[in-house]
Amino acid sequence: MKKLENKSVFITDGLSGIGKACAIAAAKEGANVAVADLKSSDLVRAMEEIKKENPKAIFIECDVSSFTAVKSAIETVVKTFGTLDIALNNAGIGGDANRVGEMSEEAWLKVIGVNLNGVFNCMHHELEYMLTKKSGSIINMSSILGKVGFALSSHYVAAKHGVIGLTQAAALEYATDGIRVNAISPGFIETPLLVKGGISDKPEVKQFVISKHPIGRFGTSEEIAAGFIFLASSDSSFITGTALEIDGGYLAQ
Ligand SMILES: NC(=O)c1ccc[n+]([C@@H]2O[C@H](COP(=O)([O-])OP(=O)(O)OC[C@H]3O[C@@H](n4cnc5c(N)ncnc54)[C@H](O)[C@@H]3O)[C@@H](O)[C@H]2O)c1
């Protein structure tokens, strides 16, 4: 029996890295997947990979930092698949590396706009709909940096801590409405985000970051997708308000 048979799943940032792996995993488990992302050169190839697992998958162009764009994306999902059962609010960016005193207001607002406001925008519209049918499972992508600090990334660290707070507050608010709200806190995962952040393409930086993971390597997007399927499915039916650490032991130290 597939774990998400005929479930309607909304995933933000599903064209690359972790989001794409989660979209493929959900489609493999029988879900109808709606991928919301910015248009990019990855679009055709990524959608082909997802549709190979379930041809019903759709792409919706959506900037998660826009409240109205997200509202319209959720409406499209419900119109296309008839319902919305599961949401993975995953879209996130790294941002420029700077100390707080040297960080521009623009750099701060950009990361907060996507990584924190984007998650609020999604949750607001998802919960409004899920409440009408009193069921749903929401998973927000935080990070190990939602639990501890990391120099030169205050915007990212603050946003990811905020995502965990938002997850816990909403989990309490909707616990008796049949809606579960959880987060995932990945360690460093080898995706294009690490290249953009100047981590996986610089051997000495890469080795330093790897050394912070007791397991001794970066994680893979598929390892995060396995946690997503667990939190999305009824396997986790008594779990709400948690932030699942999938981090090679990073936070155990
Ligand atoms: N890679 C890691 O080490 C790591 C660790 C912990 C948490 N995370 C989190 O996991 C999530 C996915 O990261 P990834 O490594 O797969 O990233 P990635 O860089 O591979 O993919 C980012 C995707 O986000 C999309 N995106 C960017 N801005 C957007 C916006 N405004 N609206 C909609 N989509 C937008 C991009 O188009 C791209 O498809 C992020 O929230 C990230 O913070 C990543």
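Residues numbered from 1 in each chain as written. Predicted model: local features only at pLDDT ≥ 70, side-chain atom pairs only at ≥ 80, totals over all residues.

## Details of the sheet that holds strand β5 (residues 136-141)
So, step 1. Within the open sheet, the seven strands sit side by side as β3-β2-β1-β4-β5-β6-β7. Their pairing is parallel. Each of the sheet's edge strands pairs with one partner strand only, and the pair in question is β3 (58-61) and β7 (243-246). Across this sheet, the average inter-strand angle for adjacent strands is 20 degrees, counted without regard to direction.
So, step 2. Bridge count for strand β4 (residues 86-89) against β5 is four bridges, and the pairing is parallel. In the sheet register, Leu88 faces β5, and the bridge partner there is Ile139.
So, step 3. Sheet strands touched by helix α5 (residues 117-133): β1 (8-12), β4, β5 and β6 (179-186). Its angle to β4, the strand with the most contacts, is close to 170 degrees. (Pairing = 2+ DSSP bridges. Helix = DSSP H or I, 4+ residues; strand = E, 2+ residues; numbered from the N terminus. Axes fitted to C-alpha atoms, helices over the stretch in contact; angles between N-to-C directions. Contact = placed C-beta atoms within 7 Å.)

## Focus on the nonpolar core
So, step 1. Counting residues in each nonpolar core, the largest one holds 69 residues, and the members touching the most others are Cys22, Ala26, Val33, Val35 and Phe228.
So, step 2. Tallying contributions element by element places helix α1 (residues 17-28) first for this core, with eight residues.
So, step 3. Aside from chain neighbours lying at most four places away, what touches Val35 is Ile11, Gly14, Leu15, Ala23, Ile50, Ala57 and Phe59. (Core = buried A, V, L, I, M, F, W, Y, C linked by C-beta atoms within 7 Å. Buried ≥ 20, exposed ≤ 12 C-beta atoms within 10 Å, placed from the backbone.)

## Looking at the packing of α1 against helix α9 (residues 221-232)
So, step 1. Put simply, α1 and α9 touch, their axes get as near as 8 Å, and they point 50 degrees apart. By the angle between their directions, the pair α1 and α9 is classed as oblique. Every pair of crossing elements has a handedness; the one defined by α1 and α9 is right-handed. In contact with Gly17, Ile18, Ala21, Cys22, Ala25 and Ala26 of α1, α9 contributes Ser221, Glu222, Ile224, Ala225, Phe228 and Ile229.
So, step 2. The class makeup of the residues in the contact of α1 with α9 is nine nonpolar, two polar and one charged. (Parallel < 35°, antiparallel > 145°, perpendicular 65-115°, else oblique. Left-handed = near helix turned anticlockwise from the far one by under 90°. Nonpolar A, V, L, I, M, F, W, Y, C, P; charged D, E, K, R; others polar.)

## Notes on helix α3 (residues 67-81)
So, step 1. Here α3 contains 15 residues, and its C-alpha end-to-end distance of 22 Å stays within 8% of the 21 Å for a straight helix at 1.5 Å per residue.
So, step 2. Among the residues making up α3, those that are buried are Val70, Ala73, Ile74, Val77 and Phe81. Projection of α3 onto a plane perpendicular to its axis shows the buried side chains occupying an angular sector of 95 degrees, all on one side. The exposed residues of α3 that point more than 90 degrees off its buried face are Thr68, Ser72 and Lys79.
So, step 3. Packed against the buried residues of α3 are β1, β2 (32-37), β3 and α5.
So, step 4. The positive-phi residue at the C-terminal boundary of α3 is Gly82, with phi of around 85 degrees. (Expected span 1.5 Å × (residues − 1). Arc of directions from axis to C-beta.)

## Some words on the environment of Cys62
So, step 1. Assignment of secondary structure puts Cys62 in the loop between β3 and α3.
So, step 2. The class of Cys62 is buried, set by 27 C-beta atoms lying within 10 Å.
So, step 3. As for Cys62 and Asp177, which are separated by 115 residues in sequence, their C-alpha atoms are 28 Å apart.

## Points about the pairing of β6
So, step 1. Counting buried positions along β6 yields eight of eight residues, so the element is predominantly enclosed.
So, step 2. Of the two faces of β6, the one carrying Ile179, Val181, Ala183 and Ser185 and the one carrying Arg180, Asn182, Ile184 and Pro186 are both buried.
So, step 3. With six bridges joining them, β5 and β6 adopt parallel strand pairing. Bridging across to β6, Met141 finds its partner in Ile184.
So, step 4. In terms of handedness, the path from β5 via helix α6 (residues 154-174) over to β6 forms a crossover that is right-handed.
So, step 5. Bridge count between β6 and β7: four bridges; the pairing is parallel. Bridge pairing in β7 places Ser185 opposite Glu245. (Right-handed = clockwise from strand over helix to strand, strands pointing away.)

## Here we look at the site of the ligand
So, step 1. Around the ligand, the structure places 28 residues, and the nearest of them are Asp13, Gly17, Gly92, Thr191 and Leu193.
So, step 2. Mapped by element, the contributors of at least two residues to the shell around the ligand are α1 and α7 (192-196).
So, step 3. Here the residues of the shell around the ligand sort into 15 nonpolar, ten polar and three charged. (Near = placed C-beta within 6 Å.)

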